[in-house]
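# Observations on chain architecture
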Amino acid sequence: MTLDARQIVFENVSKFYGEVLGVNKVNFSLQPGITSLVGPNGSGKTTLMNLMTGLIRPSRGAVCVLGLTPRQPIEFFRQVGYCTQFDSFPPGTNGYDFIYWPLRLHGFGHHQAAKLTDEALERAGMAQVAKRKVAGYSKGMRQRVRLAQAIAHHPSVLVLDEPLNGLDPMARAESITLFEAIAKQGMHVIISSHILEEVDRISDRVVLMSSGYVVAEGQIREVRREVRDHPMQILVRCSNAARLAAAAFELDHVVEAKILNDGRGVLVRTRDAEQFYLLLNKIASGGLVEVDAVAPADDDVNSIYQYLIGSDGGPA
Amino acid sequence: MSAQALVARAQKWSKDQPWRLYGSQVFVLVRSEVRRNLFTRRRIGIYLLALIPVVIILTHVIFDRSGPAGPAQIETDTEVLAGIVQLYYLRLGIFFACMAIFTWLFRGEMVERTLHYQFLVPVRREVLVVGKFLAGAVVAIALFETAVLACFFLMYSRFGSAGQSYVLGGPGLGQLGSYLLVTALACIGYGAVFLALSLLFKNPVVPGVVIMGWETIAPIFPSWAQRLSVTFYLKHLCPVSLPMSGPLAIFTIVAEPVSPFVAVLGLLCLTIAILALSCLFIHRMEITYTAE
């Protein structure tokens, strides 16, 4: 097996919707494992996933998944499963049929398709409600039945657009376990999500996107290294955020002090964390500000993301 | 590349194709699409289009107490039936029903945001076109053949034994066969046209109206141009010809009649050509629901 046959490769890929930029000059190759696409709404994550699965064609460049392209649909879609974020279903369908009929189109006979359908429903925790109409499902159930459809044919590449949206904590934990189990079998799992802490925890690597460009790509630590020269972020929860922010601004190495929305904390960006901690100790011991908690907000995807594109990556 | 090399290449391509898989995929597509399209409340308008003449004839049969006259009345009713099939079904009923059924096959799924499910399975898009087209054809043909059959039965049933001998011993059965053939051909002809339009245009209704205009005025164009309309072929297959009337009649160019074989073959060729174009169009299709 050649290297390309195990990789997902984007070669100078651009996509324009008329005059609107979707993604521009994307170049990367992904190895098996969990890869997270992170970026704010409109950054191009879904466009990238749609390009990967052939739902849209690149305006320029080429996408290759395990050595295949969507122009070879029979081979390609046996390897690829895509759980889109479109929360829509064929009218009148139930959970079972929603998975069973696409499996029949894969070429599976009735018994095999039925077996795979049952297995997928079981894995997604939807076996009990499979015969109910999808129209009566909750958002989380709809999300899970879409996930079940995407994994039903045992793809080698699983592409998941916002797969944790709408799931309760229990289902979310189960889904994450499922993704990890799939990735451990040597498969590709590509996830986009706004829930950065969870993505951070399970990802082997991240692709950070902004305004249609890939701004960083690699393992979380590698990406962090890319931004080593940037100021470090420290989150301080305290009683008087305004006073702390004012004090922090007097220091040369502090480049930003942002008061949190709840008014009970400050996010400080500094080039000299040691000096800032000294200041904080001084302020706290002087009784000017009561400090509740101090935490470097620097080691997860979110902080790296903020460094790179100046946004918290949260939903718009 | 020489012709021989081309043929060899085509033969190799054909040999490499998993025809059995394509066949089973078409079967699955037809089965699921028919279930979704035939027995649904959304299709009430199409049922009405098909059943209006049936209801009118049924009302006539029930309430017309004057009693059937002799063979002259059968002749008159035969012309009425010809008018119903040629002027109502072929020009209006089947036309609009096919517009509704076949444009919905792809464009409707775009509107409902469900087309991506069919683009994410290991099915060639050409197979998708063929499967959906056949499903639409099955629905349209089942509906309109039933309606034409019901019209025919009701029309002659009131004549009792005279009607029976006209149908079984006279030209009636042949006419019925022709009407059923014409109906089926109209369904697939218009179906192919509207399927192609739905792949080309976001709103296929406007070009659909243009097509209707073309089908209406085609008889005033030269013979070669008339061959590009569906009605040209259907007209030559109808067993009872209707006298031309209306303002267009004076501009009508009577095209050289074609044999039934040529008419059927011509329409099938036209349908296949339009489907082949649809296969090209669908490769350009992208899932961009926000643009819909």
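For clarity, every value in this text was computed on a predicted model and none was experimentally measured.

A word on the overall build of chain A. Regarding its fold elements, chain A presents 11 helices and 13 strands. With 316 residues in all, chain A has 45% of them scored as buried. Put simply, 66% of the contacts in chain A that link residues at least 6 apart link residues at least 24 apart.

A separate point is the interface of chain A and chain B. Tallying the contact residues gives 23 residues for chain A and 21 residues for chain B. Taken together, the residues of the side of chain A that touches chain B sort by class into 14 nonpolar, six polar and three charged.

Quick look at the nonpolar core now. Counting residues in each nonpolar core, the largest one holds 140 residues, and the members touching the most others are Ala148 and Val189 of chain A together with Ile94 and Cys98 of chain B. Ignoring sequence-local partners within four residues, the contact set of Ala148 of chain A consists of Ile99, Ala120, Leu121, Arg123, Ala124 and Met126 of chain A. In terms of nonpolar packing, the next biggest core, distinct from the first, is built from 17 residues, Leu244, Ala257, Leu280 and Ile283 of chain A among them.

A word on the environment of Tyr137 of chain A. All names here are of chain A. Among the secondary structure elements, Tyr137 is positioned in the loop between helix 4 (110–123) and helix 5 (139–151). Separated by 81 residues in sequence, Tyr137 and Gly218 have C-alpha atoms that sit 37 Å apart. Once residues within four sequence positions are removed from consideration, Tyr137 is found in contact with Arg142 and Val145.

Attention now goes to the sheet that holds strand 9 (residues 213–218) of chain A. Residue and element names in this part refer to chain A. Read from one edge to the other, the open sheet built from six strands follows the order 5-6-7-3-8-9, with strand pairing classed as mixed. Looking at strand neighbours, the two that pair on one side only are strand 5 (80–83) and strand 9, the edges of this open sheet. Neighbour-to-neighbour, the strand axes of this sheet turn through a mean angle of 15°, independent of strand direction. Where strand 5 and strand 6 (residues 157–161) come together, four bridges link them in parallel fashion.

Our next topic: the domain arrangement of chain A. Domain boundaries assigned for chain A yield domain 1 (4–225) and domain 2 (228–309). Taking only C-alpha atoms, the centre of domain 1 of chain A and the centre of domain 2 of chain A are 37 Å apart.

A few words on the confidence of the model for chain B. In low-pLDDT segments, the atomic positions of the prediction should not be examined closely. All names here are of chain B. Averaged over chain B, the pLDDT score is 87; the fraction of residues at 70 or greater is 92%. Across chain B, the element-wise mean pLDDT spans from 83 in helix 10 (residues 223–226) up to 95 in helix 5 (residues 115–119). Both confidence scores are given for the complex: pTM 0.81, ipTM 0.81.

Right, let's talk about the confidence of the model for chain A for a bit. Summarising the model, chain A shows a mean pLDDT of 84, and 88% of its residues fall at 70 or more. The model gives residues 312–316 of chain A a pLDDT under 50, and that stretch makes 14 contacts with residues more than four places away or in other chains.

Moving on, we get to the sheet that holds strand 13 (residues 291–296) of chain A. Residue and element names in this part refer to chain A. Strand order in the open sheet made by the four strands is 11-12-10-13, with antiparallel pairing throughout. For this open sheet the edge positions go to strand 11 (254–259) and strand 13, each flanked by a neighbour on one side alone. Direction aside, neighbouring strands of the sheet carry axes that sit 20° apart on average. When strand 10 (residues 232–238) meets strand 12 (residues 265–270), the two strands line up antiparallel, connected through six bridges.

Cut-offs and rules
- Residues numbered from 1 in each chain as written.
- Chains lettered and ligands numbered in written order.
- Predicted model: local features only at pLDDT ≥ 70, side-chain atom pairs only at ≥ 80, totals over all residues.
- Helix = DSSP H or I, 4+ residues; strand = E, 2+ residues; numbered from the N terminus.
- Buried ≥ 20, exposed ≤ 12 C-beta atoms within 10 Å, placed from the backbone.
- Contact = placed C-beta atoms within 7 Å.
- Nonpolar A, V, L, I, M, F, W, Y, C, P; charged D, E, K, R; others polar.
- Core = buried A, V, L, I, M, F, W, Y, C linked by C-beta atoms within 7 Å.
- Pairing = 2+ DSSP bridges.
- Axes fitted to C-alpha atoms, helices over the stretch in contact; angles between N-to-C directions.
- Domains from an automatic or database assignment.
- pLDDT = per-residue confidence, 0-100.

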